[in-house]
Amino acid sequence: MVSSSLAYLCTLALLVTVLYLLEKHTQHKIFSYIPVVVMIYAFSMLFGTLGMFERNEEIEQTSTLLKTNLLPAMLFLMLLQVDIMRFFQLGKKLFIAFLLALFSLTIGFLTFPLLFGLEDKMVGAFGALCGSWMGGTANMIAVASALGVSDEVFGYILLVDTINYTWWFMLLLFVVPLAHLFNTFTKAQTDISSHESMACAVGCSCTIGVKRYWLFLILAFTVSFVVQFLSWHVSFISSTTLHVVLATFLGILGSFTRLKSYAGSSEVATSMLYLLIAIIGSRAVFESFDAVWLYVVVGFCILVLHAMIMVLGAKIFKLDLFSISVASLANIGGVASAPVLAAAYDKSLVAVGVLMAVMGYIIGTFMGLLVGNILIRLVG
């Protein structure tokens, strides 16, 4: 049994490293259906449930300290690569499609958790899921922490995210060959070739040098210290919420500096994300998975309403299938899947999917907090 903070941290770090290397080097098909973040959570939760980690004060303090410091650091680094100005150059059709996706998801999240009569602790979790479906896993962790979602409930919502997203991704890939029929139905004037002007090199596959790696770490933890210091002097908002908001704003500001041109920030942020997932999983104890299927049904209802509004909007604004599909998956799937869907239409359009998905890192946190707080107040 692990009883010291050092052994606890080393065990989780080893778990994250092994699973990451398995995904990267084996490229096994299982990772296409079960994302590595879910595996990290599942194994860390299994270790915790089996009693591998002693529930003593030292480990509790370590997990709390790590979450408090890693969360703002991760958010800051995630946002450094956001190119806001290029996003607004996507064009009117793509911009309308992106707004339709945000609007339809917001309506769905504000409707179905209440219709199904979910408890207050679960509607808060759907606020976190909203953050994920408008941004990514990092946004989901940020919103869940700010709304006080328990580690166990976070596990439920992570499963819902994976199950619903997988089916939605498969459906959007399935309808790609039907683009011509759909565009005829909506009378879309936009042809795929008209989006090719947005094709550009996004990101960099350069190896992160040691100096740059330490630069990102120093910057990230400096930001973490600053936001925590400022939160000590503010009493009208919860400290975790303030950490999330301030780190997000500082990350956006950083994206307007030379830091945006430095490759590697997203890789360091992803490492922090994986460790956070492992920490949350290690502290979760599940009594039953029976309730998760109700939440999966709520998630599917949200997606059905989202699809109906997107198709209606496409008909009204004469949008093509590519625009609404990529806008939808850029929100629900994020930067890992939106470029794949865009490439299914045309490989030169990968950048469009990336730009839309990356913008979700900004929007997801704020929309998740907004939706979550509204749901909690309506239920309470």
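Attention here is on the structure that accompanies the text. Every value quoted in this text rests on a predicted model; they were computed, and no experiment measured them. (Residues numbered from 1 in each chain as written. Predicted model: local features only at pLDDT ≥ 70, side-chain atom pairs only at ≥ 80, totals over all residues. Heavy atoms only, no water.)

**What about the overall build of the protein?**
Then step 1. The secondary structure content of the protein amounts to 17 helices and 0 strands.
Then step 2. Relative to the 2.2 N^0.38 estimate, which gives 21 Å for 380 residues, the radius of gyration of the protein is 20 Å and therefore close to what a compact globule would have.
Then step 3. Principal-axis analysis of the C-alpha atoms places the extent of the protein at approximately 65 × 50 × 45 Å.
Then step 4. Of all 380 residues assigned to the protein, the portion counted as buried reaches 52%.
Then step 5. Intrachain contacts of the protein at a sequence separation of at least 6 include 85% that bridge at least 24 residues.
Then step 6. Of the roughly 17,300 Å² of accessible surface on the protein, 68% is carried by carbon and sulfur atoms.
Then step 7. Charged side chains of the protein number 18 positive and 18 negative; the gap between the two group centres comes to 14 Å. (Helix = DSSP H or I, 4+ residues; strand = E, 2+ residues; numbered from the N terminus. Rg over C-alpha atoms; globule rule 2.2 N^0.38 Å. Buried < 20%, exposed > 50% of the residue type's maximum accessible area, 1.4 Å probe, protein only. Contact = heavy atoms within 4.5 Å. Areas by Shrake-Rupley, 256 points an atom, 1.4 Å probe, with all protein chains shown as cover. Lys, Arg positive; Asp, Glu negative; His and termini not counted. Charge placed at Lys NZ, Arg CZ, Asp CG, Glu CD.)

**Brief notes about the pattern of salt bridges**
Then step 1. What the rule picks out here adds up to 3 salt bridges.
Then step 2. Note that Arg283 and Glu60 form a salt bridge whose closest N and O atoms lie 2.5 Å from each other. Placement of the pair is Arg283 in the loop between α13 (265–282) and α14 (292–317) and Glu60 in helix α4 (residues 57–79), with a sequence separation of 223 residues.
Then step 3. Between Asp151 and Lys67 there is a salt bridge, with its nearest N and O atoms 3.6 Å apart. One end of the pair, Asp151, is in helix α9 (residues 151–174); the other, Lys67, is in helix α4, and 84 residues separate them in sequence.
Then step 4. Residue classification places Asp151 among the buried positions, given a relative accessible area of 17%.
Then step 5. One salt-bridge network, in which partners are shared between bridges, spans Arg55, Glu60 and Arg283. (Salt bridge = Lys/Arg side-chain N within 4 Å of Asp/Glu carboxyl O.)

**Considering the nonpolar core**
Then step 1. Counting residues in each nonpolar core, the largest one holds 132 residues, and the members touching the most others are Met74, Leu77, Phe109, Phe126, Phe154, Met272 and Met356.
Then step 2. Counting residues per element, this core draws most heavily on helix α17 (residues 350–379), which supplies 13 residues.
Then step 3. Among residues more than four places away in sequence, those in contact with Phe126 are Phe109, Pro113, Leu118, Ile157, Tyr295, Val298, Gly299, Ile302 and Leu375. (Core = buried A, V, L, I, M, F, W, Y, C linked by side-chain atoms within 4.5 Å.)

**Some remarks on the side chain of Asn139**
Then step 1. Positionally, Asn139 belongs in helix α8 (residues 137–147).
Then step 2. Apart from the residues lying within four places of it in its own chain, the contact partners of Asn139 are Gly131, Gly360, Tyr361, Gly364 and Thr365.

**Looking at a nonpolar patch on the surface**
Then step 1. A cluster of nonpolar side chains, namely Phe225, Val226, Phe229, Leu230, Trp232, Leu250 and Leu253, defines an oily patch on the protein surface of about 690 Å² accessible area.
Then step 2. Broken down by secondary-structure element, the contributors of at least two residues to the nonpolar patch are α11 (210–231) and α12 (239–254).
Then step 3. Here the nonpolar patch gets 4 residues from one element, more than from any other, and that element is α11.
Then step 4. Along the chain, Phe229 falls in helix α11. (Patch = residues over 30% accessible without salt bridge, like charges linked within 9 Å, V, L, I, M, F, W, Y side chains within 5 Å.)

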